[in-house]
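# Inside the fold
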Amino acid sequence: MRVPSLPEVRRLTEKERDAWWTVLLVDPVATPLVRWTAMWTRVTPNQITWAALVLGIGAAACFAQGDWQWLVAGAVVYHVSFILDCMDGKLARLTGKGSAFGAWLDYIFDRVRVLICAVALMGGQYQRTDDVTYIWLALAVVFLDMLRYMDALEIWKVRLNMRRTQRERAEELGLVDTSAEAGVSDDDSEADDTPVKNAARVPAQPTASDASAAESSASAPAAPAVAPQSTFITRLPGYVPLRDFLVSHRIRIHLFSGIEFQMTIFIIAPLLGTVFWPTVAAGALLLAFEVLVVYRLLLATRSFQRTMARYDRLEAERKSAQDGLSEQANSPERATFV
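Owing to the predicted nature of the structure, the values given are computational and were not obtained by experimental measurement. Counting from 1, residues in each chain are numbered in the order their sequence is written. Given that the model is predicted, a residue must reach a pLDDT of at least 70 before its local features are reported, and side-chain atom pairs must reach 80 or more before they are shown or counted; all residues, however, enter totals for whole chains, interfaces and linings. The basis for the side-chain values is all heavy atoms of the structure; hydrogens and waters are excluded.

### With respect to the overall build of the chain
The condition is simple: Counting from the N terminus, the helices are DSSP H or I runs at least four residues long and the strands are E runs at least two residues long. Exposed residues in this analysis have more than 50% of their type's maximum accessible area, buried residues have under 20%, and partly exposed residues fall in between, with area computed by a 1.4 Å probe over protein chains only. The contact criterion used throughout is that any non-hydrogen atoms of two residues lie within 4.5 Å. Areas reported as accessible are Shrake-Rupley estimates using a 1.4 Å probe. Residue values count occlusion only from the protein chains shown.
Across its full length, the chain holds 11 helices and zero strands. When its helices and strands are written in sequence order, the chain yields α-α-α-α-α-α-α-α-α-α-α. Across the 338 residues of the chain, 42% fall into the buried class. Long-range pairs, those at least 24 residues apart, make up 82% of the contacts in the chain with a sequence separation of at least 6. About 17900 Å² of surface is accessible on the chain, with carbon and sulfur atoms providing 64% of the total.

Written out as structure tokens, the structure reads:
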């Protein structure tokens, strides 16, 4: 296949918004490597996924040794493993070789890598210090990672269902879908650590309903939308300029997600030579940002409910108007006798 130029590869493979760790420390390396891989090799996305897992196991083996030199080695290997983990999806998008099985494999291997590295890292520290606290830390890391991805999956499903429901309701009323304006959007999607990432590995094909909806939207009236609410977050001093700056640099507002959680524990902590406090801080930050994500989901569901209520009122008004016209047409005063 003819491989596009590097700027075009960036446009095709890099997310519109991504984690700051990925944007600053992974994409500058992963994207050129993906282009080189597509040009000069026959490596498939699934093979890269397997390679990322193998390196993850190598990082765990280093972590298990417990000494600082081995921790540094494990951190380096883990970062390389994460670069490969980002490359598989990019290569799938660039070459069109993505598959549903590859998406599943990528998702499962990510969880396996975190599990074995958490057990190895904390187990190595327990063996070195004989402090049972590290056993509890291993359980906490695995639990928080599981909680994070279960939450991301459910939030993604809820938002997807709201968008579909609102779009179908708008089409029933002959209106243009305005789910983005109503707050039912992908603003909270985590790109590289949610099902959205894995879905991107499967090339999407437009459906007939999508095509017909696109054709009718040009002439259909716009659906009533609910303007996004001003919240305590948007009213914080400096929040809006910071948000705009981050978005302009492809960095999402959710600054501490599953990616940063992993990197703090498996890269930053080993490089610092101390595991306990960075792990505790990473867990606290992850929980704080998860609360923020759930709060934004709550606002989105309320906005969705208001929009659906407007649709119900619009339907009732139309039905009332139609009934009024029918009564006028059938009234005795308007009847004509021959």
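### Quick notes on the nonpolar core
Cut-off, in case you're wondering: Residues enter a nonpolar core if they are buried and are Ala, Val, Leu, Ile, Met, Phe, Trp, Tyr or Cys, with the set joined through side-chain atoms within 4.5 Å.
Counting 44 residues, the largest nonpolar core has Phe63, Tyr78, Leu121, Met122, Phe261, Ile265 and Phe266 as the members making the most contacts within it. Mapped onto this core, the elements with two or more residues apiece are helix H2 (20-40), helix H3 (45-63), helix H4 (68-95), helix H5 (100-129), helix H6 (133-172), helix H10 (258-272) and helix H11 (276-330). Ranked by size, the runner-up nonpolar core spans 11 residues in total, among them Met162, Leu173, Ala300 and Phe304.

### Here we look at H5
Going by this rule: Here, expected helix span is obtained from the residue count minus one, scaled by 1.5 Å.
Along its 30 residues, H5 runs 44 Å from first to last C-alpha, staying within 8% of the 44 Å computed at 1.5 Å per residue. Two residues or fewer after H5 comes Asp130, characterised by a positive phi angle close to 60 degrees.

### Comments concerning the packing of H5 against H10
Two quantities define a packed helix pair, namely the angle between the helix axes and the distance between the axes. Let me state the cut-off plainly: What counts as an axis is a line fitted to C-alpha atoms, over the stretch in contact for a helix, and the angles between N-to-C directions run from 0 to 180 degrees. By the definition used in this description, the sense in which the near helix is turned from the far one sets the handedness, with an anticlockwise turn below a right angle giving left-handed and a clockwise turn giving right-handed. We call Asp, Glu, Lys and Arg charged. Ala, Val, Leu, Ile, Met, Phe, Trp, Tyr, Cys and Pro are nonpolar, and the rest, Gly among them, are polar.
The geometry of H5 relative to H10 is characterised by a closest axis approach of 11 Å and an angle of 35 degrees between their N-to-C directions. At the point where H5 passes H10, the crossing takes the left-handed sense. Of the residues in H10, those in contact with Arg111, Arg113, Val114, Cys117, Ala118, Leu121 and Met122 of H5 are Gln262, Ile265 and Phe266. For the contact of H5 with H10, the per-class residue count stands at seven nonpolar, one polar and two charged.

### Some points on the packing of aromatic side chains
Test applied: Ring geometry is summarised as follows: Phe, Tyr and Trp rings, the Trp one being its six-membered ring, pair when their centres sit within 6.5 Å, and such pairs are stacked at plane angles under 30 degrees, edge-to-face over 60 and tilted between the two. Only when the NZ of Lys or the CZ of Arg is both within 6 Å of the ring centre and within 35 degrees of the ring normal is a charge said to sit over the ring.
Tallying each qualifying case throughout the model produces seven aromatic pairs. Taking the centre distance of 6.1 Å and the plane angle of 25 degrees together, the rings of Phe63 and Phe266 count as stacked. Pair noted here: Phe63 is in helix H3 and Phe266 is in helix H10, with a separation of 203 residues, a long-range link. Grouping aromatic residues by their ring pairs yields a cluster made of Phe63, Tyr78 and Phe266. For the cation-ring pair, Arg111 lies above Tyr149, with the distance from its terminal atom to the ring centre recorded as 3.5 Å. Above the ring of Tyr78, the side-chain terminus of Arg113 is found at 5.4 Å from the ring centroid.

### Observations regarding a nonpolar patch on the surface
Here is the rule we go by: For patch building, the residue pool is restricted to those with more than 30% relative accessible area and no salt bridge; the joining distance is 9 Å between like charges and 5 Å between nonpolar side chains (Val, Leu, Ile, Met, Phe, Trp, Tyr). Salt bridge, as used here: a side-chain nitrogen of Lys or Arg that lies within 4 Å of a carboxyl oxygen of Asp or Glu.
A contiguous nonpolar patch, built from Tyr126, Val132, Ile135, Trp136 and Leu139 and spanning about 510 Å² of accessible area, is present on the exposed surface. The biggest single contributor to the nonpolar patch is H6, with three residues. Within the secondary structure layout, Tyr126 lies in helix H5. Given the relative accessible area of 32%, Tyr126 is considered partly exposed.

### A closer look at the environment of Leu272
Mapped onto the elements of the fold, Leu272 is located in helix H10. Put simply, Leu272 and Trp68 are 204 residues apart on the chain and 8.7 Å apart in space, counted from C-alpha to C-alpha. The residues touching Leu272, leaving out its near neighbours within four places in the chain, are Trp68 and Pro278.

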